[in-house]
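Summary of the model geometry
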Amino acid sequence: MVGGGRLRPTSSATTVRTPDGKPQVLDGPYAETKEQLGGYYIVDVPDLDAAISWAMRCPAASHGAVEVRPIWIA
Amino acid sequence: MPGESDQQARETAEAVARRSYGKLVAFLAARTRDVTAAEDALSDAFAAALVDWPERGIPTSPEAWLMTVARRKLIDAVRRRRSGEGAADHLRLVAEELEAVVASKPQIPDERLSLMFACTHPAIERGIRAPLMLQTILGFDAATIASAFLVSPATMGQRLTRAKNKIRQAGIPFRMPERADLCERLDSVLEAIYAAFAEGWSDPAGTETRRRNLAEEGMWLGRLVTSLLPDEPEALGLLALMLHAEARRAARRNAQGEYVPLAEQDPSAWDTQLIEEAETLLVRASTMGSVGRYQLEAAIQSAHVVRRRTGAADWAAIEQLYDALSAMTGSPVVAINRAIAVAETRGPAAGLATLDALADDARLAEYQPYWAARAGLLARTGEVEGAEQAYQRAIGLESDPTVRRFLEQRCWGLRGSGSA
């Protein structure tokens, strides 16, 4: 075992997209059918705004979506 | 007498609740991000006050008393509920409480604006932002908010709980947004403030203290936002709009309590001071070079109240302003008002034609002002039968008994003047 973590429920999720460079922030998880999880990053930040600003910098946000989801910290 | 002090304690508690509720919630929630826990702790504190104050007298600073009790309740709840996860928060709270005790002046800082930005964060579902602000800043229960937003109390309760959980679990911050996001974020805040004001304004007789208070709280929040963000023209515009509306509160009913439409109101019953203040704000906003919805709506109010000086509303300006507003919002409600203005500038037939162009919008079938406007214009073009039918639709859709009586009288008057 290398690593792992427990995600908080989908009700805590926020989805970030930056089509045409204009940021879109929406309540809720990334829930499109026939799409899949393409990867993940773990960032240690103080709040959601900081997490969203990282998500916006992710190249995937411009052609797909980045779901921001907190993880449980024991 | 115990009965008397009981009554006094209750009144004081209620007065403090009205004035300080949001401030206390904001202060507690900003430190834990747990709005529900802050509300629960406060409601416990208010309950404790109603037991303690009649017996031991009302404390010199009721707000500080409530804060001390609420903090204690909050710490108890944190200790009970989340022993592992909440340990760090808990310790910080304890430290802060000690700090507050050490500070001799128990002055509670006003962090309502931060709470407002948290409630209207883009990660919160749009439709729940205004209700959430009404609950956290003004302390309204889910049932009251539900009735204003036309959903069931259970649904509203669930959505509010979900939004508060989101704030806590997703880590939505309690602070001012960055400069780049401010405009958009502020718009959500203004929208929610206006929703609160409109709810209070819809009770012109002022029979329900809490609703009347809502209009005052709306203006208060508007003033707070403009004092903290003095260079935001739309915040100034919204405050001007609310002050204009408030200035005419007394004139909306005559001595017998009957409804008086704007065109028939006595300008001497309008509150000159509020109108002057609104005009000053609007002029200040207009120098900032960025027109928006609230400034346009306030300017329309302003064009109506010139009647107090010139004897007539500036209908040409009103039509132009509604044109601009209609282009900006695409709202059918704005379009109805524009049709009424057209009836004044180009005659009732032209107004009616403008209204006819909207008839396809299904939303208007259930909208009282559409039918009342239609009835009024049909009456003026001599189509008595059509006017009667439209008045009946309007009467059936209106819930306010005084407005309904007004519409009924207009409807009866159609035949009275025609056949007599």
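The preceding data block contains the structure.
Anyway, here's the lowdown on the structure attached to this text.

Each value, and the rule that gives it
- Residues numbered from 1 in each chain as written.
- Chains lettered and ligands numbered in written order.
- Predicted model: local features only at pLDDT ≥ 70, side-chain atom pairs only at ≥ 80, totals over all residues.
- Heavy atoms only, no water.
- Helix = DSSP H or I, 4+ residues; strand = E, 2+ residues; numbered from the N terminus.
- Rg over C-alpha atoms; globule rule 2.2 N^0.38 Å.
- Buried < 20%, exposed > 50% of the residue type's maximum accessible area, 1.4 Å probe, protein only.
- Contact = heavy atoms within 4.5 Å.
- Buried area = accessible area lost by both parts, 1.4 Å probe.
- Salt bridge = Lys/Arg side-chain N within 4 Å of Asp/Glu carboxyl O.
- Nonpolar A, V, L, I, M, F, W, Y, C, P; charged D, E, K, R; others polar.
- Pairing = 2+ DSSP bridges.
- Axes fitted to C-alpha atoms, helices over the stretch in contact; angles between N-to-C directions.
- Core = buried A, V, L, I, M, F, W, Y, C linked by side-chain atoms within 4.5 Å.
- Phe/Tyr/Trp six-rings, centres within 6.5 Å; stacked < 30°, edge-to-face > 60°.
- Lys NZ or Arg CZ within 6 Å of the ring centre and 35° of its normal.
- Disulfide = S-S within 2.5 Å.
- Parallel < 35°, antiparallel > 145°, perpendicular 65-115°, else oblique.
- Left-handed = near helix turned anticlockwise from the far one by under 90°.

1. A word on the overall build of chain A
Scanning chain A from N- to C-terminus turns up 2 helices and 3 strands. Secondary structure elements in chain A, listed N-terminal to C-terminal, are β-β-α-α-β. The globule rule puts the C-alpha radius of gyration for 74 residues at 11 Å, and the 12 Å found for chain A is close to it. With the principal axes as the frame, chain A shows a C-alpha extent of 40 × 30 × 25 Å. Sorting the 74 residues of chain A into buried and exposed places 30% on the buried side. Long-range contacts, defined here as pairs at least 24 residues apart, represent 61% of the contacts in chain A between residues at least 6 apart.

2. Comments concerning the interface of chain A and chain B
Taken together, the 18 residues of chain A in the interface contact 17 residues of chain B. On the chain A side of the interface with chain B, the three residues burying the most area are A:D27, A:L48 and A:D49, jointly 36% of the side's total. At the surface where chain A touches chain B, the tally comes to 4 salt bridges. B:R162 serves as the salt-bridge partner of A:D27, at 3.1 Å between the closest nitrogen and oxygen. Breaking the side of chain A that touches chain B down by element, the ones donating at least two residues are β2 (24-27) and α1 (48-57) of chain A. Across the side of chain A that touches chain B, the residue classes break down as 9 nonpolar, 4 polar and 5 charged.

3. A closer look at the environment of B:R252
Among the secondary structure elements, B:R252 is positioned in the loop between α11 (233-247) and α12 (272-286). Judged by relative accessible area, B:R252 falls into the buried class, the value being 10%.

4. A closer look at the sheet that holds strand β1 (residues 14-17) of chain A
All names here are of chain A. Spatial strand order, β2-β1-β3: 3 strands in an open sheet with antiparallel pairing. Each of the sheet's edge strands pairs with one partner strand only, and the pair in question is β2 and β3 (66-68). When strand polarity is set aside, the average angle formed by the axes of neighbouring strands in this sheet is 25 degrees. Where β1 meets β2, 4 bridges bridge the pair, whose relative direction is antiparallel. Among the inter-strand pairings, T14 is bridged to a residue of β2, identified as D27.

5. Some points on the pattern of salt bridges
All names here are of chain B. Under the criterion given, the structure shown has 25 salt bridges over all chains. The shortest N-O distance in the salt bridge between D400 and R253 comes to 3.2 Å. Of this pair, D400 sits in the loop between α19 (384-397) and α20 (401-419) while R253 sits in the loop between α11 and α12; the two residues are 147 residues apart in sequence, bridging distant segments of the chain. As far as the burial class goes, D400 and R253 line up, both buried. Close ionic contact of R338 with D323 constitutes a salt bridge, the shortest N to O distance being 2.3 Å.

6. Digging into the nonpolar core
All names here are of chain B. In terms of nonpolar packing, the biggest core is built from 108 residues, with L42, L66, M116, I193 and V225 touching the most fellow members. In this structure L66 touches V16, L24, A45, F46, A49 and W53, once residues within four positions along its chain are discounted. In this structure, A335, Y370, A375 and I395 belong to the second largest nonpolar core, which totals 25 residues.

7. Here's the deal with the packing of aromatic side chains
Scanning all chains against the criterion turns up 5 aromatic pairs over all chains. Ring centres of B:W53 and B:W65 lie 5.3 Å apart, and the angle between their planes is 70 degrees; this geometry places the pair in the edge-to-face category. Of this pair, B:W53 sits in helix α2 (residues 35-56) while B:W65 sits in helix α3 (residues 62-81); the two residues are 12 residues apart in sequence, bridging distant segments of the chain. Judged by its relative accessible area of 1%, B:W53 falls in the buried class. In textbook terms, an aromatic cluster arises when at least three aromatic residues are bridged by ring pairs, as seen for B:Y194, B:F197 and B:Y294. Over the ring of A:W72 we find A:R8; its NZ or CZ atom is 4.1 Å from the centre of that ring. Directly above the ring of A:W54 sits A:R57, whose terminal nitrogen or CZ lies 4.3 Å from the centroid.

8. Regarding the state of the cysteines
Counted by the stated rule, this structure contains 0 disulfides over all chains. Cysteine B:C183 remains unbridged, with the sulfur of B:C119 as its closest cysteine sulfur at 20 Å.

9. As for the packing of helix α16 (residues 332-346) of chain B against helix α17 (residues 348-356) of chain B
Residue and element names in this part refer to chain B. Contact geometry for α16 and α17: axes closest at 6 Å, N-to-C directions at 160 degrees. Classified by the angle their axes make, α16 and α17 are roughly antiparallel. The crossing of α16 and α17 is right-handed. Along the contact surface, α16 presents I336, R338, A339, V342, A343 and R346, while α17 presents P348, A350, G351, T354 and L355. Split into classes, the residues belonging to the contact of α16 with α17 amount to 7 nonpolar, 2 polar and 2 charged.

10. Regarding the side chain of B:E63
All names here are of chain B. Its location among the elements puts E63 in helix α3. Judged by relative accessible area, E63 falls into the buried class, the value being 18%. Not counting residues within four places of it along the chain, the set of residues in contact with E63 comprises V16, S20, K23, L24 and I108.

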